[in-house]
Amino acid sequence: MRALKNLLDRSPIDGFILAIVAAVVVAAFLPVRGAAGDAFEWIVVVAIGALFFLYGTRLHPREALDGLKHWRLHLTILAFTFVAFPIIGLALKPVVEPLIGDDLYAGLLFLCLVPSTVQSSIAFTSIAKGNVAGAIVSASASNILGVFLTPVLVVALMQNTGDATIDASAILKIVAQILVPFVVGQLARPWVGPFFARHAHITKLADRSAIVLVVYVAFSEGVENGIWSSVDAVQVIAVSLISLVFVVVMLVVTGWLPTKLGFDRADTIAIQFCGTKKSLATGLPMATVLFAGSTVGLIVLPLMIFHQIQLIICSWLATRYGREAEAAETS
């Protein structure tokens, strides 16, 4: 185990990315099935609920109040997340659908409809010396609103794409898995918040473990339904290149437009890191509820690829911004 840890520490690739790749590989050869599969689905529900409970314990009411005052910042971030992304996703259809096929395009469009990440958006904003309080409120608001907005956008934009199933029970499942635990975490914050603040690694471990688990279960289900017979290496490479261009373009736009709208450096950084992110932690559970089992693996594949690319690029960008800010402070 120590040798493996040392290898991961020396690796230029983040251990989280390696864990997700490993989950896909394991699912390809050892998919969970039958009664074990049913048990794992319940474990995923519990893991996602625990994750959003922890998110709820992190947001201090004072931070929420300070952040809520900056309504222009939040509206700008939400506009990128739930307006600009869907428009671009729809505009890309004539170009990318012939290259990657109907199901993978459905996944590309679905990633455009999911909310922003919470933890990494806040972390990268902090590293880059941006508006952390604004990032906390915007990222949290994006996820809370996404519980309702993402299904609505799926209904409006994906009626003829994939096998989306939207009804009252689907909405209730999403609310129960994501919103209710978050609210409970907010209510429990006075008692458990200090503990989790001292042990931030617990939230990080829960975040990453839940995502890896959801990936494994989703791809196990996909393998059982013949996912790899529906996609080839050329399609995966094409999705990766499209995602890379998508991430870079959105980072450029979110770095340029806010300055034209009068936002300062700190706010622009928050907009850039919150407005370009797409959440695996929220998107995967939604996909398992909204789409039939035979298509879930293909639907979430573009989101997984996009998420890894955004983590790598944003990690580099946030570090660069942070160094520039430190250099400016010491000069």
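Residues numbered from 1 in each chain as written. Predicted model: local features only at pLDDT ≥ 70, side-chain atom pairs only at ≥ 80, totals over all residues. Heavy atoms only, no water.

Quick look at the overall build of the chain
Test applied: Each helix corresponds to a stretch of at least 4 residues labelled H or I by DSSP, and each strand to a stretch of at least 2 residues labelled E; elements are numbered beginning at the N terminus. Throughout, exposure labels follow a simple rule: accessible area from a 1.4 Å probe, protein chains only, divided by the maximum for the residue type, with under 20% read as buried, over 50% as exposed, and the rest as partly exposed. The contact criterion used is simple: two residues touch if any of their non-hydrogen atoms lie within 4.5 Å. Residue exposure ignores everything except the shown protein chains as possible cover, and the areas themselves are Shrake-Rupley values with a 1.4 Å probe.
Looking only at helices and strands, the chain features 15 helices and zero strands. When burial is assessed residue by residue, the chain has 50% of its 331 residues classed as buried. A separation of at least 24 residues holds for 87% of the contacts in the chain among residues at least 6 apart in sequence. Here the chain has roughly 15,300 Å² of accessible surface; of this, 69% comes from carbon and sulfur atoms.

A short note on helix α3 (residues 34–58)
To keep things clear, this is the line we draw: For a helix, the expected span equals 1.5 Å multiplied by the number of residues minus one.
Along its 25 residues, α3 runs 37 Å from first to last C-alpha, staying within 8% of the 36 Å computed at 1.5 Å per residue. Residues of α3 that are buried: Gly 37, Val 44, Ile 48, Gly 49, Leu 51, Phe 52, Leu 54, Tyr 55, Gly 56 and Thr 57.

Observations concerning the nonpolar core
Which entries qualify depends on this criterion: What is meant by a nonpolar core is a set of buried Ala, Val, Leu, Ile, Met, Phe, Trp, Tyr and Cys residues, joined one to another through side-chain atoms within 4.5 Å.
Residues Phe 110, Phe 273 and Phe 291 are the most contacted members of the largest nonpolar core, which totals 84 residues. With 16 residues, the top contributor of residues to this core is helix α15 (residues 293–330).

A word on a nonpolar patch on the surface
Short version of the rule: Only residues whose relative accessible area exceeds 30% and that form no salt bridge are eligible for patches; like-charged ones are grouped when within 9 Å, while nonpolar side chains (Val, Leu, Ile, Met, Phe, Trp, Tyr) are grouped when within 5 Å. The term salt bridge refers to a side-chain nitrogen of Lys or Arg lying within 4 Å of a carboxyl oxygen of Asp or Glu.
On the surface, a cluster of nonpolar side chains totalling about 510 Å² of accessible area is made up of Val 21, Val 25, Val 26, Phe 29 and Leu 30. By the element assignment, Phe 29 lies in helix α2 (residues 15–29).

Notes on the confidence of the model for the chain
Applicable threshold: Note: pLDDT gives the predictor's confidence per residue, expressed from 0 to 100.
Taken residue by residue, the chain gives an average pLDDT of 80. The fraction at 70 or more is 82%. Highest mean pLDDT in the chain belongs to helix α5 (residues 71–91) (94); lowest belongs to helix α1 (residues 2–10) (49).

Focus: the pattern of salt bridges
What the rule picks out here adds up to two salt bridges. Across the pair Arg 320 and Glu 324 runs a salt bridge, and its minimum N-O distance is 3.4 Å. Highlighted residues: Arg 320 and Glu 324, both in helix α15, separated by four residues, approximately one helical turn. The partly exposed category is assigned to Arg 320, whose relative accessible area is 36%. Classification of Glu 324 by relative accessible area gives partly exposed; the value is 42%.

Looking at the side chain of Gln 272
Selection rule: A 3.5 Å cut-off defines polar contacts: any pair of N or O atoms within that distance qualifies, except that in protein one atom must be a possible hydrogen donor and the other a possible acceptor, and neighbouring residues in sequence count only when both atoms are side-chain atoms.
Tracing the sequence through the fold places Gln 272 in helix α13 (residues 265–275). Judged by its relative accessible area of 5%, Gln 272 falls in the buried class. Here Tyr 321 takes part through its side chain, which lies 2.9 Å from a polar atom of the side chain of Gln 272. For Gln 272, the residues in contact, after removing those within four places along its chain, are Leu 251, Thr 254, Gly 255, Leu 317 and Tyr 321.

Considerations on helix α9 (residues 132–157)
Note the threshold: Axes are fitted to the seven residues ending at a residue and to the seven starting at it; the angle between these axes is taken as the bend at that residue.
Taking 1.5 Å of rise per residue, the 26 residues of α9 would be expected to cover 38 Å, yet its terminal C-alpha atoms sit only 33 Å apart, more than 12% below that figure. Gly 146 marks the point of greatest bend in α9, at about 55°. Capping the start of α9, Asn 131 holds a side-chain oxygen 2.9 Å from the backbone nitrogen of Gly 134, two or three residues further along.

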